[in-house]
Amino acid sequence: MNDLGEACKADTIFCQGIRDFLPGGAWAPVLASIITVVLILVIAVVVRNVTHRLITRVVNRAGNSTSISGRLRRGGPSTDGIDILLNERRKQRAETMGSVLRHVASIVIMGTAVLTVLDRLTIPIAPLLTSVGILGVAIGFGAQELVKDFIAGMFMLMEDQYGVGDVIDSGAAIGTVEAVTLRVTRLRDADGRVWYIRNGTITRVGNESQGWSRAYIDVPVAYDADVPAVRALLGRVAEDLWNDPEYRESVIVEEPAVFGIEQISDTSVIFRVSAKTLPSRQAEVARELRMRVKAALDGAGIALVA
């Protein structure tokens, strides 16, 4: 009880003002110290709640920002499916970062409050800080892989390397991202197999769904085929696809191009047709191109060769 009184007597900011409102007597310093401790804890809780609200507001704003696919459409038809996927990815990333920031804010604010309270109660905090430091070093040595996973996950989220719905090549597996946490990434490959990959083990990532994708097909025709005629035919196919309202700027973001002769041998000449698409839509566009190219070649009597 004396310690509480002495701790309060040494204070000239909080306790002195509180003692002025308390009746005189031996209990006044003790009550002032108790009230000071309560005020410190209340202020810490209020600051923590306000900080959490600010972080939540920022996270909600980041998660509901305008979709980037609108920049690719340039006034074209709606891409609701792509928008939903991109919004879900942005929302998941923002919520994960918000959760981390809220935990960090709680630890810093409440930890500071506890240390301040201990100091007010004249409890030496130097040995406590030393013990916590030693414990932190011991945990760090014992959980190096876990810490590595968390740090890698933090940087992955901050740099937006990939997100839910992306098709990625992580080295260990290739598939669609189903979930991302600070510790692991969950993928589902083409066979339906689910892979759980620790973020700390991913050294490189190939993302097939970021920004835009490219669809291309190779068209092999006979060596003695009329090259200008074949190229003109493929150009008309590309133009027709670009003018199709189901694809123009809703799936394809630039007019398809015929690159000309990609390869040549003693038996065949190979033309390449390419189209820039929205993320993860390249397979759909490639299938449509193959169907149209086959129909056009059949109509012109031009045969494909192996």
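Going by the structure above, here's the rest.
In this report, we go over the structure that sits alongside the text. (Residues numbered from 1 in each chain as written. Predicted model: local features only at pLDDT ≥ 70, side-chain atom pairs only at ≥ 80, totals over all residues. Heavy atoms only, no water.)

**Overview of the packing of helix H8 (residues 227-243) against helix H9 (residues 282-300)**
It is the contact of H8 with H9, at a shortest axis distance of 10 Å, that shows an interaxial angle of 135 degrees. Taken together, the axes of H8 and H9 lie oblique to each other. Between H8 and H9 lies a crossing of right-handed hand. Touching Leu233, Leu234, Val237, Asp240 and Leu241 of H8 are Val285, Glu288, Leu289, Arg292, Val293, Ala296, Leu297 and Ala300, all from H9. Partitioned by chemical class, the residues of the contact of H8 with H9 number ten nonpolar, no polar and three charged. (Axes fitted to C-alpha atoms, helices over the stretch in contact; angles between N-to-C directions. Helix = DSSP H or I, 4+ residues; strand = E, 2+ residues; numbered from the N terminus. Parallel < 35°, antiparallel > 145°, perpendicular 65-115°, else oblique. Left-handed = near helix turned anticlockwise from the far one by under 90°. Contact = heavy atoms within 4.5 Å. Nonpolar A, V, L, I, M, F, W, Y, C, P; charged D, E, K, R; others polar.)

**Focus on the sheet that holds strand E6 (residues 213-222)**
Spatial strand order, E6-E8-E7: three strands in an open sheet with antiparallel pairing. Looking at strand neighbours, the two that pair on one side only are E6 and strand E7 (257-264), the edges of this open sheet. Averaged over all pairs of adjacent strands, the angle between their axes in this sheet comes to 25 degrees, without regard to strand direction. Relative to strand E8 (residues 268-277), E7 runs antiparallel, the two sharing six bridges. Each bridged residue has a counterpart across the sheet, and for Gln263 the counterpart in E8 is Ile270. (Pairing = 2+ DSSP bridges.)

**Quick notes on the pairing of E8**
A large share of E8 lies buried, amounting to ten of its ten residues. Along E8, one buried face is formed by Ser268, Ile270, Arg272, Ser274 and Lys276 and the opposite face, lined by Val269, Phe271, Val273, Ala275 and Thr277, is buried too. Relative to E8, E6 runs antiparallel, the two being bridged by ten bridges. Within E8, the residue paired with Arg214 across the bridge is Lys276. In textbook terms, the turn of a hairpin is the stretch between consecutive antiparallel strands, and for E7 and E8 this stretch comprises three residues. (Buried < 20%, exposed > 50% of the residue type's maximum accessible area, 1.4 Å probe, protein only.)

**With respect to the sheet that holds strand E2 (residues 174-180)**
Strand order across the open sheet formed by five strands is E4-E3-E2-E1-E5, with antiparallel pairing between neighbours. Where the open sheet ends on each side, the last strands, each with one partner, are strand E4 (194-198) and strand E5 (206-207). The sheet contact formed by strand E1 (residues 167-169) and E5 spans two bridges and is antiparallel. Counterpart to Ile168 in the pairing with E5 is Asn207.

**Focus on the environment of Val58**
Here Val58 shows up in helix H3 (residues 27-63). With relative accessibility at 57%, the residue Val58 sits in the exposed group. With 36 residues separating them along the chain, Val58 and Ala94 place their C-alpha atoms 8.8 Å apart.

**Details of the environment of Ile109**
Its location among the elements puts Ile109 in helix H5 (residues 80-120). Counting along the chain gives 66 residues from Ile109 to Ile43, while the straight-line C-alpha distance between them is 9.8 Å. Excluding its chain neighbours within four sequence positions, the residues that come into contact with Ile109 are Ala44, Val47, Arg48 and Thr51.

**Brief notes about the pattern of salt bridges**
Per the counting criterion, the structure on display carries 13 salt bridges. In this structure, Arg292 and Glu288 form a salt bridge, with 2.7 Å as the shortest nitrogen-oxygen distance. In this pair, Arg292 and Glu288 both sit in helix H9, four residues apart, roughly one turn of the helix. The structure contains a network of salt bridges with shared partners spanning Glu145, Asp149 and Arg198. (Salt bridge = Lys/Arg side-chain N within 4 Å of Asp/Glu carboxyl O.)

**Section: H9**
Taking 1.5 Å of rise per residue, 19 residues should cover 27 Å, and H9 covers 27 Å from first to last C-alpha, within 8% of that figure. By the burial criterion, the buried members of H9 are Val285, Ala286, Glu288, Leu289, Val293, Ala296 and Leu297. Seen along its axis, H9 keeps its buried residues to an arc of 165 degrees; they face one direction. Among the exposed residues of H9, those pointing more than 90 degrees away from its buried face are Arg287, Met291 and Gly299. Buried-residue contacts for H9 involve E6, H8 and E8. Once H9 ends, the next one or two residues include Gly301, with phi positive near 70 degrees. (Expected span 1.5 Å × (residues − 1). Arc of directions from axis to C-beta.)

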